[in-house]
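Single-letter residue listing:
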Amino acid sequence: MNRPGRGRAGGTPYVRLGGMVSAPQDPRPGTRTAPNEPSPQSPRDTPGSPEYAARLRHAWLVCSVTGLGLVLIGVAGNTLNVALPEVVRHFHADAFAAGWVLLAFMLVNTASLVFFGRVADLLGRREVYLAGFALFTAGSLLAGLSPGVWFLIAMRAVQAVGASMILANGTVIITDAFPPDRLSQGMGVYIGTLSVAQLAGPTLGGLVAETAGWRWIFWMNVPAGLLALVWGAFVLRRVAPGPREPVDAAGNLVMFALLSAALVALSEAGSRGLSSPVALTGAVVAAALVPVLVAVERRAARPVLDVRLFGERMLAFANAASFCNALARASLILLAALHFRAAMGVGPVTAALAVLPVPVGMAVASPLAGALGRRISPHALSVGGALLSSAGLAVLMPSTAPGTPYWIVGTGLFLCGCGSGTFLTGNTTQVMAALPAGNLGLVNGFRLMIMNVGIVLSVALTLSVLTAPVSAELRDRVYAGTLSRVSPAAVEQLMTGFRNTYAVLLGVALCGAVCALLARPRRHDGGPPGPSGPPAAQPSSRAAMDSMPDSSRSTPNVS
């Protein structure tokens, strides 16, 4: 419950000026407002006032724009999970190239999220967000015209840049648009649109690949992208950009190189084995770049990995839980689709229908969790969601045995979907409510980057563990969806891979549940309630706040 005149989660008082959040002015130079001194609540945050009603109406329009962006990106990502075998067979791609059709998008998206979050802080959030729609639409058009698999991979990278511009700003736009007491509701609907995307993506992918061909998987994004661009230009309001400050270009480049090396190592290990020279070289390069990244970020004025902003215990564990959830969740639809296509030999439409319990579960749970967020704490929602996801994976792990009825598989997938929808709503609300307002774009980009690192590693790790028991000469057939035509022995090797993969994902999901539990916010007496107590007791967090510009300082608080 938000207290009058305090931040979203009841922390240090702030005021809103033209939709932007800023710290209150000190009553006199060199002093700060007393922690318990009452602060008048803005009419825009007061339920029942005309300003509040107008703000809420506009907030739902903003939610329609950001939701459309999330649907656009979600559908584009999930269509390929089912239709990947058609693309692989068309280009006669090997296992390495097949993996990078998926990984290229995730890598570039992950490495550029923080960068575009910071760029939006400097140039204007509306402008960067709309530019993302334009670039994503152009990349989709060119991807459909691809003459070869590596041109397609390059266009997937272009799509990823546009998606970064959208994703790094969507949550921040929602957070700023909604009144504090309605934020969880708006966030639940926003996250729920991801469920719609995951619901429509596999089905559309299967139908389009089977009827019109794989190129239309990309071309159908073009009219949707143009619609989102026009509607966003009409609804979103211009916001004054933040102060001009340096962007950590070196940090972004080192991060990109590190993730690239790690993904090359994982994908090469999955296609050619752990002893592959390329896999070993990638692992060595990735390990060598870790201290380089730390050294670069310590010298940067505005580091891309400014861990000082996440030095508080609640934020650290909440982001660790988000990472584990992404690692356990992201590859689930791909994994299930490959099970039905490669092991059972069904077509794209049948496989798409078989994986629907995951997005249906998210579609059911996300808005319900958002509505419950007005009575139940975001922390409780995130813990419950993490446990639900773990239960779903526990059901799926033994379901690869021959003769397992589909209703058991469907139940496991549905529980995973419900858990993901609940966790994402609670975790996102909990983290966003605790962020310093002046750096929402930067820290939200950091939050999304952590989650996307989990997504990227999830796909790479899943494909490596899944194909490890399969002989090297047959791994290409897994991606092409034709392994079931080889022999029962080859299928049994793949089923061993499925069991191993579900076991690994279950272990990760349980770690995420523990982290979510440890992210419980604390209350303190004798000062403003919050997770870190009096500022003087947390030198690392205070140092992070003091390093910000005066105009953007605000004490994070989540009580």
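Heads up: the structure comes first, above all this text.
Residues numbered from 1 in each chain as written. Predicted model: local features only at pLDDT ≥ 70, side-chain atom pairs only at ≥ 80, totals over all residues. Heavy atoms only, no water.

Glancing now at helix 10 (residues 313–329). Under the 1.5 Å per step criterion, the end-to-end length of helix 10 is 24 Å for 17 residues, consistent within 8% with the ideal 24 Å. In terms of burial, helix 10 is largely enclosed, as 12 of its 17 residues are buried. Along helix 10, the residues classified as buried are M314, L315, A318, N319, A321, S322, C324, N325, A326, L327, A328 and R329. (Helix = DSSP H or I, 4+ residues; strand = E, 2+ residues; numbered from the N terminus. Expected span 1.5 Å × (residues − 1). Buried < 20%, exposed > 50% of the residue type's maximum accessible area, 1.4 Å probe, protein only.)

A few words now on the packing of helix 14 (residues 378–396) against helix 18 (residues 488–518). Where helix 14 meets helix 18, the axes come as close as 9 Å, and the angle between the chain directions of the two elements is 165°. By the criterion of interaxial angle, the relationship of helix 14 to helix 18 is roughly antiparallel. The element helix 14 and its partner helix 18 pack so that their crossing is left-handed. Residues H379, S382, V383, A386, L387, S390, L393, A394 and L396 of helix 14 form the contact with helix 18, whose participating residues are Y502, L505, L506, A509, L510, G512, A513, A516 and L517. Per-class residue counts for the contact of helix 14 with helix 18 are 14 nonpolar, four polar and no charged. (Axes fitted to C-alpha atoms, helices over the stretch in contact; angles between N-to-C directions. Parallel < 35°, antiparallel > 145°, perpendicular 65-115°, else oblique. Left-handed = near helix turned anticlockwise from the far one by under 90°. Contact = heavy atoms within 4.5 Å. Nonpolar A, V, L, I, M, F, W, Y, C, P; charged D, E, K, R; others polar.)

What follows deals with the side chain of Q159. In this structure, Q159 sits in helix 4 (residues 149–177). On the basis of relative accessible area, Q159 is assigned to the buried category, the value being 0%. A polar side-chain atom of Q159 sits 2.8 Å from a polar atom in the side chain of S140. (Polar contact = N/O pair within 3.5 Å; in protein donor to acceptor, adjacent residues only side chain to side chain.)

Let us now look at the nonpolar core. Ranked by internal contacts, the top residues of the largest apolar core, which has 125 residues, are W100, L152, L332, L393, L396, L494 and F498. The greatest single-element share of this core, amounting to 17 residues, is contributed by helix 1 (residues 50–91). (Core = buried A, V, L, I, M, F, W, Y, C linked by side-chain atoms within 4.5 Å.)

Even without being a glycine, H92 presents a positive backbone phi close to 55°. Tracing the backbone through its elements, the reader meets H92 in the loop between helix 1 and helix 2 (95–123).

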